[in-house]
Amino acid sequence: MHTSTCMNVPPPSSCGLQKTSYVVGDAITILNQADLKKQCKRIKTLNPGGPDSGIRAEGDGRYNNPLYSGVGKTPFQPATQSTYIICENVTKSKKIIAVNTQNKLCKKASTIRATGQEVRCPYHPGKCTATIAPEDSIGDEKEQPDNVLQSYLRREYTSATLLQMETVQL
């Protein structure tokens, strides 16, 4: 953005950025998954136990709102978005090998609810941006690594190779 401003290029509008993200979002996701797969293959070759042994890794989750910020204000978790990242512990660079994002926000459902219709995310017709239901727990540090590891194993292994993992809860 700063470079564009220095070149006297007007900044894009927020709706223009949103439209662009709809167009390129799937392509970026595919490129990212291909890059993660490439990183994992490289790490497996560097693994001291050999390519078929488990990869030492650690994970941590982050939320758009601190989970403690809703104390006394709401009986529910205040976070509506989370990201859980798993990094390898084989190399000094600690590359990211798997990512899981969860989102409870869905503008389409909000629009449908405003008309008086009952709708349930993420199962309603049309494009739902929510990946979990609003009543589901977003702060489950046991479930998130399990989801990340299952997608990792489906992507990386044809046989059930065990991935050793150490969950870091900060």
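Thresholds applied
Residues numbered from 1 in each chain as written. Predicted model: local features only at pLDDT ≥ 70, side-chain atom pairs only at ≥ 80, totals over all residues. Heavy atoms only, no water. Helix = DSSP H or I, 4+ residues; strand = E, 2+ residues; numbered from the N terminus. Buried < 20%, exposed > 50% of the residue type's maximum accessible area, 1.4 Å probe, protein only. Contact = heavy atoms within 4.5 Å. Areas by Shrake-Rupley, 256 points an atom, 1.4 Å probe, with all protein chains shown as cover. Polar contact = N/O pair within 3.5 Å; in protein donor to acceptor, adjacent residues only side chain to side chain. Pairing = 2+ DSSP bridges. Patch = residues over 30% accessible without salt bridge, like charges linked within 9 Å, V, L, I, M, F, W, Y side chains within 5 Å. Salt bridge = Lys/Arg side-chain N within 4 Å of Asp/Glu carboxyl O. Disulfide = S-S within 2.5 Å. Core = buried A, V, L, I, M, F, W, Y, C linked by side-chain atoms within 4.5 Å.

*Asks:* Residue-level account of the overall build of the chain, with values.
*Replies:* Within the chain, the regular secondary structure consists of four helices and four strands. When its helices and strands are written in sequence order, the chain yields α-α-β-β-β-α-α-β. In the chain, which comprises 170 residues, the proportion classed as buried is 29%. Look at the contacts in the chain between residues 6 or more apart in sequence, and 58% of them connect residues 24 or more apart. Of the accessible surface of the chain, which amounts to about 11,600 Å², a share of 56% is contributed by carbon and sulfur atoms.

*Asks:* Can you lay out the side chain of Gln-144 for me, pointing to particular residues and giving the numbers?
*Replies:* One can find Gln-144 in helix α4 (residues 143-156). Classification of Gln-144 by relative accessible area gives buried; the value is 2%. One polar contact links Gln-144 to Gln-102, side chain to side chain, over a distance of 3.1 Å. The contact partners of Gln-144, leaving out residues within four places of it in the chain, are Tyr-63, Ser-82, Thr-83, Tyr-84, Asn-100, Gln-102 and Ile-138.

*Asks:* Describe in detail the pairing of strand β2 (residues 81-88), supporting the description with residues and values.
*Replies:* Covered by surrounding structure in β2 are Ser-82, Tyr-84, Ile-86 and Glu-88 only, the residues Gln-81, Thr-83, Ile-85 and Cys-87 on the alternate face being uncovered. Of the pairings in the sheet, the one linking β2 to strand β3 (residues 96-103) comprises seven bridges and is antiparallel in character. Among the inter-strand pairings, Ile-85 is bridged to a residue of β3, identified as Val-99.

*Asks:* Could you give an account of a nonpolar patch on the surface, with specific residues and numbers?
*Replies:* Judged by side-chain polarity, Val-23, Val-24 and Ile-28 come together as a nonpolar surface patch covering roughly 280 Å² of accessible area. As for its placement among the helices and strands, Ile-28 is situated in helix α2 (residues 14-46).

*Asks:* Tell me about the environment of Pro-125, and please be specific about residues and values.
*Replies:* Mapped onto the secondary structure, Pro-125 falls in the loop between α3 (107-114) and α4. Taking C-alpha positions, Pro-125 is 9.4 Å from Ala-109, a pair spaced 16 residues apart along the chain.

*Asks:* Please set out the pattern of salt bridges residue by residue, giving values where relevant.
*Replies:* Counted under the stated rule, the structure contains three salt bridges. The shortest N-O distance in the salt bridge between Arg-62 and Asp-60 comes to 3.3 Å. Put simply, Lys-142 and Asp-146 hold a salt bridge, and the shortest N to O gap is 2.9 Å.

*Asks:* Summarise the state of the cysteines; cite the residues concerned and give the values.
*Replies:* Applying the stated criterion to the full structure yields zero disulfides. Free cysteine Cys-106: the closest other cysteine sulfur is in Cys-128, separated by 3.7 Å.

*Asks:* Outline the nonpolar core, supporting the account with residue identities and numerical values.
*Replies:* Of all hydrophobic cores here, the largest spans eleven residues; its members are Cys-40, Ile-43, Ile-55, Ala-57, Tyr-84, Ile-86, Ile-97, Ala-98, Val-148, Leu-149 and Tyr-152. For this core, the secondary-structure elements that each account for two or more residues are α2, β2, β3 and α4. By size, the runner-up hydrophobic cluster in this structure holds seven residues, among which are Ala-109, Val-119, Cys-128 and Ala-130.

*Asks:* How would you summarise the side chain of Gln-102 if you had to cite specific residues and measurements?
*Replies:* Here Gln-102 lies in strand β3. Residue class for Gln-102 comes out buried when judged on its relative accessible area of 6%. With near-sequence residues (within four places) excluded, Gln-102 lies in contact with Thr-80, Gln-81, Ser-82, Thr-131, Ile-132, Ile-138, Gln-144 and Asn-147.

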